[in-house]
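Letter by letter, the chains look like this.
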Amino acid sequence: MESISIQEVAPRDGLQIEDQFVPTEQKIDLINRLSDAGVDKIEVTSFVSPKAVPNLKDAEEVMMSINRKKDVTYTALIPNVQGAERAAICKADEVNLVVSVSETHNQKNVRRTVDESFRGFSDIASYLSGTDIAVNGTLATTFGCPFEGNIDEDRVLKLVDHYLELGVMGITLADTTGMANPKQVYKLCRKVLERWPNLPLTLHFHNTRGMGLANVIEGIHAGVRRFDASLGGLGGCPFAPGATGNICTEDLVHMLAFMDYEMRVDLDCLIGVSKYLETILGHEVAGQVIKAGKITDLHPV
């Protein structure tokens, strides 16, 4: 059975919309603990304007101060060439580009048309072409848009093609607002992998309607081996009414571990990191395993 890659997004996707600013040293400590837990990739931060995302105003300091492990990829979301410049200075292993498949959501999110976003990505790709920094291309609202509804699968394939023409190393299909269902996930992922069988494909699910982990299983059945998740289930989309957080990393790893899938992650260590996350946030997180325990945790009669 192939190994499953666990890609942690809480330090960026989760912390950016928390009500309070998490101190820099605590962010660094959290990321170091995640590295020690054995996740394969960590989205450390986002090189965007501090005015746009004040909770990540310490992006450079965090990226420059973490303890890096050779077998972990440290990535950052960037919106433009200025972000690429900052990522290069901080020696990020990878940058992540994001565009919505939905025109309406893209306008809400970045105030650009989809074509305008890709023209900007072309400039980023040109800037990074002489560096060792890999580029990942994310398609938000792949499985549905809260403003436009259903998303045409052929449009998704077209935008994957646009990304690959820019030379990206991997593609992420993101269910930004938790609208995906398992049957839909399997069908679209098969289409993508039949067309590009060697494509490093990641799935990014939210658990808005309780189908996140079921969607992971159908993604695996379709041939996907890389999944984003967020410690404690942190995250959400500010431009989607009612959207809740990402699928929870420790719940995902717990499920896959007891289904005998191979992963690098130490589940017990990860559960401990999630409990630490609660202490630095000052509130409970949405994860279930840290509340109920593992299914092997027995109790006295």
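Parameters and conventions
Residues numbered from 1 in each chain as written. Predicted model: local features only at pLDDT ≥ 70, side-chain atom pairs only at ≥ 80, totals over all residues. Heavy atoms only, no water. UniProt positions renumbered as here; feature names shortened; annotations may be inferred. Salt bridge = Lys/Arg side-chain N within 4 Å of Asp/Glu carboxyl O. Helix = DSSP H or I, 4+ residues; strand = E, 2+ residues; numbered from the N terminus. Buried < 20%, exposed > 50% of the residue type's maximum accessible area, 1.4 Å probe, protein only. Axes fitted to C-alpha atoms, helices over the stretch in contact; angles between N-to-C directions. Parallel < 35°, antiparallel > 145°, perpendicular 65-115°, else oblique. Left-handed = near helix turned anticlockwise from the far one by under 90°. Contact = heavy atoms within 4.5 Å. Nonpolar A, V, L, I, M, F, W, Y, C, P; charged D, E, K, R; others polar.

Per an unreviewed UniProt entry, the protein chain carries the name Hydroxymethylglutaryl-CoA lyase and comes from Salinibacillus kushneri. Its UniProt record, at the heading Sequence similarities (unreviewed entry), says of the protein chain: "Belongs to the HMG-CoA lyase family."

### Things to note about the pattern of salt bridges
Side chains that carry opposite charge are capable of pairing whenever their charged atoms lie near each other. Summed over the entire model, instances satisfying the criterion amount to 14 salt bridges. A salt bridge links D58 to K27, with the nearest nitrogen and oxygen atoms 3.0 Å apart. Highlighted residues: D58 in the loop between strand 2 (41–46) and helix 3 (59–65) and K27 in helix 2 (residues 24–37), separated in sequence by 31 residues. Look at D58 and you get buried, because its relative accessible area is 7%. Overall, K27 belongs to the buried group, its relative accessible area being 3%. Through salt bridges with shared partners, a single network forms among R12, D13 and E43.

### Observations regarding the packing of helix 4 (residues 81–89) against helix 6 (residues 114–128)
Where helix 4 contacts helix 6, the two axes come as close as 9 Å, and the packing angle between them is 30°. It follows that helix 4 is roughly parallel to helix 6 by the angle criterion. In this structure, helix 4 crosses over helix 6, and the sense of that crossing is right-handed. Contacts between helix 4 and helix 6 involve V81, A84, E85 and A88 from the former and D123, I124, Y127 and L128 from the latter. In terms of residue class, the contact of helix 4 with helix 6 is built from six nonpolar, no polar and two charged.

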